[in-house]
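Chain residues, written in single-letter form:
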Amino acid sequence: DCRSMDTSPDVVLPESLSGLPALAGLFDDLTRPAPPGDPGGGAVPAARAYHIHKLTGSAKSMLTAALRRKTNRPILYVAPDAERTEAVRDDLEYWIGADSVFTFIDPDQAPYDTQTLKTEPTANRLEALVRLATDPDGIFVMSAKGFARLAVGPSVITESLISLKVGATVDVEEISQRLVYLGYR
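Residues numbered from 1 in each chain as written. Predicted model: local features only at pLDDT ≥ 70, side-chain atom pairs only at ≥ 80, totals over all residues. Heavy atoms only, no water.

**Some remarks on the overall build of the protein chain**
Rules: Secondary structure counts use DSSP, requiring at least four H or I residues in a row for a helix and at least two E residues in a row for a strand, with both numbered from the N terminus. Note on classification: 1.4 Å probe, protein chains only; a residue is buried when its accessible area is under 20% of the maximum for its type, exposed when over 50%, partly exposed between these limits. For this analysis, residues touch if any pair of their heavy atoms sits within 4.5 Å. The Shrake-Rupley method, run with a 1.4 Å probe, gives the accessible areas here. Residue values count only the displayed protein chains as cover.
From N to C terminus, the protein chain includes eight helices and five strands. The helix and strand sequence of the protein chain, counted from the amino end, reads β-β-α-α-α-β-α-β-α-β-α-α-α. The buried share of the protein chain, reckoned over its 185 residues, is 31%. Of all intrachain contacts in the protein chain linking residues separated by at least 6 positions in sequence, the fraction that spans at least 24 positions is 61%. Split by element, the accessible area of the protein chain, about 12100 Å² in all, is 56% carbon and sulfur.

**A word on the sheet that holds strand E5 (residues 139-143)**
Consider a sheet: its strands pair through backbone hydrogen bonds, and that pairing is either parallel or antiparallel. Going by this rule: Note: two strands are recorded as paired if DSSP finds a minimum of 2 bridges between them. A fitted line through C-alpha atoms represents every axis, and for helices the fit uses only the stretch in contact; the resulting angles, taken between N-to-C directions, go from 0 to 180 degrees.
Across the sheet, three strands lie side by side as E3-E5-E4; this open sheet has parallel pairing. Each edge of the open sheet is held by one strand with a lone partner, namely strand E3 (75-79) and strand E4 (101-104). The average angle at which neighbouring strand axes cross in this sheet is 20°, direction not considered. Pairing geometry for E3 and E5, over five bridges, is parallel. Residue pairing across strands places alanine 79 opposite serine 143, the latter belonging to E5. Its contacts with the sheet put helix H3 (residues 59-71) on E3 and E5, and the angle it makes with E3 is roughly 170°. On top of the sheet, helix H4 (residues 82-96) reaches E3, E4 and E5; it is set at about 165° to E5, its chief contact.

**A short note on H3**
Spelled out, the test is: To estimate how far a helix should extend, the number of its residues minus one is multiplied by 1.5 Å.
Compared with an ideal rise of 1.5 Å per residue, which puts 13 residues at 18 Å, H3 spans 18 Å between its outermost C-alpha atoms and is within 8% of the ideal. The element H3 is extensively covered by neighbouring structure, given that 10 of its 13 residues are classed as buried. Every buried residue of H3 is accounted for by Ala59, Ser61, Met62, Leu63, Thr64, Ala65, Ala66, Leu67, Arg68 and Thr71. Where H3 ends, the next residue or the one after it, asparagine 72, has phi of about 55°, a positive value.

**A short note on the packing of aromatic side chains**
Stated formally: Note on aromatic contacts: the rings of Phe and Tyr and the six-membered ring of Trp form a pair at centre separations within 6.5 Å, being stacked when their planes are under 30 degrees apart, edge-to-face when over 60 apart, and tilted otherwise.
A full pass over the atoms with the stated rule returns two aromatic pairs. Arranged with centres 5.4 Å apart and planes meeting at 75°, the rings of tyrosine 94 and tryptophan 95 form a pair that is edge-to-face. On the basis of an interplanar angle of 25° and a centroid distance of 5.3 Å, the ring pair of phenylalanine 102 and phenylalanine 140 is categorised as stacked. Here the residue phenylalanine 102 occupies a position in strand E4, and phenylalanine 140 occupies one in strand E5, the gap between them amounting to 38 residues. Pair check on accessibility: phenylalanine 102 and phenylalanine 140 agree, each one buried.

**What to know about the pairing of E5**
Within E5, five of the five residues are buried, leaving the element largely enclosed by the surrounding structure. By the alternation rule, side chains of E5 split into Ile139, Val141 and Ser143 and Phe140 and Met142, which are all buried.

**Looking at the nonpolar core**
Here is the rule: Residues enter a nonpolar core if they are buried and are Ala, Val, Leu, Ile, Met, Phe, Trp, Tyr or Cys, with the set joined through side-chain atoms within 4.5 Å.
Formed by 20 residues in total, the largest nonpolar core has its most connected members in Phe27, Leu63, Leu67, Leu92, Ile96, Ile139 and Val141. Breaking this core down by element, the ones donating at least two residues are helix H2 (21-31), H3, E3, H4 and E5. When residues of this core are assigned to their parent elements, the largest contribution, six residues, is made by H3. With residues near it in sequence (within four places) discarded, isoleucine 139 still touches Thr64, Arg68, Ile75, Leu92, Ile96, Ser100, Val101 and Phe102. Judged by nonpolar contacts, the second largest core, of seven residues, contains Phe104, Phe140, Met142 and Ile157.

**Here's the deal with the side chain of serine 61**
By the element assignment, serine 61 lies in helix H3. You can call serine 61 buried: its relative accessible area is 0%. Discounting residues that sit within four places of it in the chain, serine 61 has contacts with Arg84, Val88, Asp91 and Leu92.

**Some points on the pairing of E4**
Burial along E4 is two-sided: the face carrying Val101 and Thr103 and the face carrying Phe102 and Phe104 are both buried. Pairing geometry for E4 and E5, over four bridges, is parallel. Among the inter-strand pairings, phenylalanine 104 is bridged to a residue of E5, identified as methionine 142.

Here's what the structure looks like:
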C-alpha cells in the first residue's frame, strides 16, 4: 500500500514511511520559507531533532529522493562505504534522474600513493567538486571515507576552471600555459 508525498508520480513512499510522524514534521520544517536575509531556505530549528531509523535497503534512497522533490534543496548523502555509495547513486538516479545526482567516489589508494588514479572516479570527484563550487544544487553522494578526506576549497576550483565552447576561437598557447600552471604535463 503506497501513497504519494506530493513530490512527483515517480517518488512514492511506502505507507510504512509516509505514516511516520517524524517525516511529516521534517517535511514541514524543510519546506518552510526562509526568513528574510537567509538564503539557505527554512532551516530546521536547533531545538528540534528528527530521529528516523530502521530504514533498510533502498528506503533511505527513496526518502532522500522524496526530500529532494519536496524541498528542492541541495542534499549531501554520506554513505558508509564505497559500495553503498554506488548503490545509493544508482537508486537516486532512478528516482530523480542522473542529471541531479553527483558522486564523490573516494579513491581506492592511499593519499600519497604514486600509482595513477583511475579515470572514472577522478572525473566523478572533479564533476562533484565543480558543481559544489559553482552551482550546489542536486544530491551529492559520498562515502564516509570520501567525506573525511581533504578537498580543495571552492575558490581554488572556480579559479582553475577553463571554459571552452564549440566554435569559439582560442589561444592555444594561453590555454597550454594555463594547463601547465594547473599541474598538467
